[in-house]
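The lines below spell out each chain.
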Amino acid sequence: MSPLRPSVTDVDMTDARPDTLGAPSPAPWRRTIGRVAVLGVILVFAVFWTWALFFASKEAVNRIDDRDWAARAETVCREWNERRLALADYRQIRDGGPDLIRERADIIDRATDMIESMIDEVTAVSPNDDKGMGIVPLWTDEYRIYIEDRRRYAEELRATGENLPFYETMSEVPVSERLETFAGDNEMDACAPPRDLSM
């Protein structure tokens, strides 16, 4: 063996770095607990998504049991929507001035009158199930709030002659969104508030 190249037995092991040699390895029980914890989390997620996708109730929280009432409401609302469409004004606000905006306020008022008549006709008959009797009056009350928001907006347009934004009552979310959710949950989409204020 060359005198310039020491053999393995010539290496002084005391010069080895203390952080790489002689350091205690993690206890086996700690590695086991870590693996069990990770597997436990994965199992919990797997069980949750299996339940959510295959076993959880898919019924909407606002859905009432009196399906005849909901079907009648859908028919009533669809008929009123068809009448309200006749009010549609497709002129661009930018093409006119304050007079056109005040005309728009009048159209909003007429459309709001129709919405109010629609809700009056829908609620002239009450649902016959407990959930419906509890939740429909709340929906009706919120619809009245939305109707008042529309009337207030029309007055603001008429008073200012300016194309102002529409601000509606909030109840965590805009009241129109809550009304639309109830209508959708009960398969009465025609009873959702119109997206176009002048229709």
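Further up the page is the structure itself.
Asker: Looking at this model, I keep getting lost on the packing of aromatic side chains. Mind explaining?
Answerer: Counting across every chain of the model gives 4 aromatic pairs. Pairing tyrosine 143 with tyrosine 146 gives two aromatic rings, centres 6.0 Å apart and planes at 80 degrees, and the pair type is edge-to-face. Linking tyrosine 143 with tyrosine 146, this pair stays in helix H4 (residues 130-160), spanning 3 residues, or about one helical turn. Each member of the pair, tyrosine 143 as well as tyrosine 146, is classed as buried.

Asker: What am I meant to see in the nonpolar core here?
Answerer: In terms of nonpolar packing, the biggest core is built from 32 residues, with Trp69, Trp139, Tyr143 and Met188 touching the most fellow members. If you list the elements that add at least two residues to this core, you get helix H2 (67-85), helix H3 (98-122), H4 and helix H5 (175-185). When neighbours within four sequence positions are excluded, tryptophan 139 is seen to be in contact with Trp69, Ile119, Val122, Leu179, Phe182, Met188 and Cys191.

Asker: Is there a simple way to think about the packing of H4 against H5 in this case?
Answerer: The description of two packed helices rests on the angle between their axes and on the distance between the axes. The contact between H4 and H5 brings their axes to 9 Å, and the two run at 140 degrees. Looking at the two axes, H4 sits oblique to H5. The two elements H4 and H5 meet at a crossing, and its hand is left-handed. For the pair H4 and H5, the contacting residues are Ile135, Val136, Trp139, Glu142, Tyr143, Tyr146 and Asp149 in the first and Val175, Ser176, Arg178, Leu179 and Phe182 in the second. A breakdown of the residues in the contact of H4 with H5 according to their chemical character gives 8 nonpolar, 1 polar and 3 charged.

Asker: Help me out: how do you make sense of the state of the cysteines in this one?
Answerer: Structurally, a disulfide amounts to a covalent bond that connects the sulfur atoms of two cysteines. Counted by the stated rule, this structure contains 1 disulfide. Put simply, cysteine 77 and cysteine 191 are joined by a disulfide, and their sulfur atoms are 2.0 Å apart. Every disulfide takes its handedness from the sign of the S-S torsion; for cysteine 77 and cysteine 191 that torsion is 100 degrees, giving right-handed. With cysteine 77 in helix H2 and cysteine 191 in the segment after H5, the pair connects residues that are 114 residues apart, well separated along the chain. For the residue pair cysteine 77 and cysteine 191, the accessibility class agrees, reading buried in each case.

Asker: Any chance you could explain H5 here in plain terms?
Answerer: Looking at H5, one finds that the buried residues are Val175, Ser176, Leu179, Phe182, Ala183 and Asp185. Lining the buried residues of H5 we find H4 and strand E2 (173-174). Glutamate 187 sits one or two residues past H5 and shows a positive phi near 55 degrees.

Calculation criteria
The residue numbers shown here count from 1 along each chain, following its written sequence. In keeping with the predicted nature of the model, local features appear solely for residues at pLDDT of at least 70, side-chain atom pairs appear and are counted solely at 80 or more, and the whole-chain, interface and lining totals rest on all residues. Side-chain measures were taken over the full set of non-hydrogen atoms in the model, leaving aside hydrogen atoms and water. Between the rings of Phe, Tyr and Trp (Trp by its six-membered ring), a pair exists once the centres lie within 6.5 Å; its type follows the angle of the planes, with under 30 degrees stacked, over 60 edge-to-face, and the other angles tilted. A run of H or I in DSSP counts as a helix once it spans at least four residues, and a run of E counts as a strand once it spans at least two, with each numbered from the N terminus. Per-residue accessibility, obtained with a 1.4 Å probe over protein chains only, is compared with the maximum for each type, and a residue is labelled buried under 20%, exposed over 50%, and partly exposed between these values. Among the buried residues, those of types Ala, Val, Leu, Ile, Met, Phe, Trp, Tyr and Cys that are joined through side-chain atoms within 4.5 Å form a nonpolar core. Note on contacts: a residue pair qualifies if any of its non-hydrogen atoms lie within 4.5 Å across the two residues. Axes, fitted as lines to C-alpha atoms, cover a helix only where it is in contact. Angles between the N-to-C directions of the axes lie from 0 to 180 degrees. Should an angle fall under 35 degrees it is called roughly parallel, over 145 degrees roughly antiparallel, and 65 to 115 degrees roughly perpendicular, with every other angle called oblique. Helix crossings are classified by the rotation of the near helix relative to the far one: an anticlockwise turn of less than a right angle makes the crossing left-handed, while a clockwise turn makes it right-handed. Only Asp, Glu, Lys and Arg are considered charged, only Ala, Val, Leu, Ile, Met, Phe, Trp, Tyr, Cys and Pro nonpolar, and every remaining residue, Gly among them, polar. Throughout, disulfides are identified as pairs of cysteine sulfur atoms within 2.5 Å of each other.

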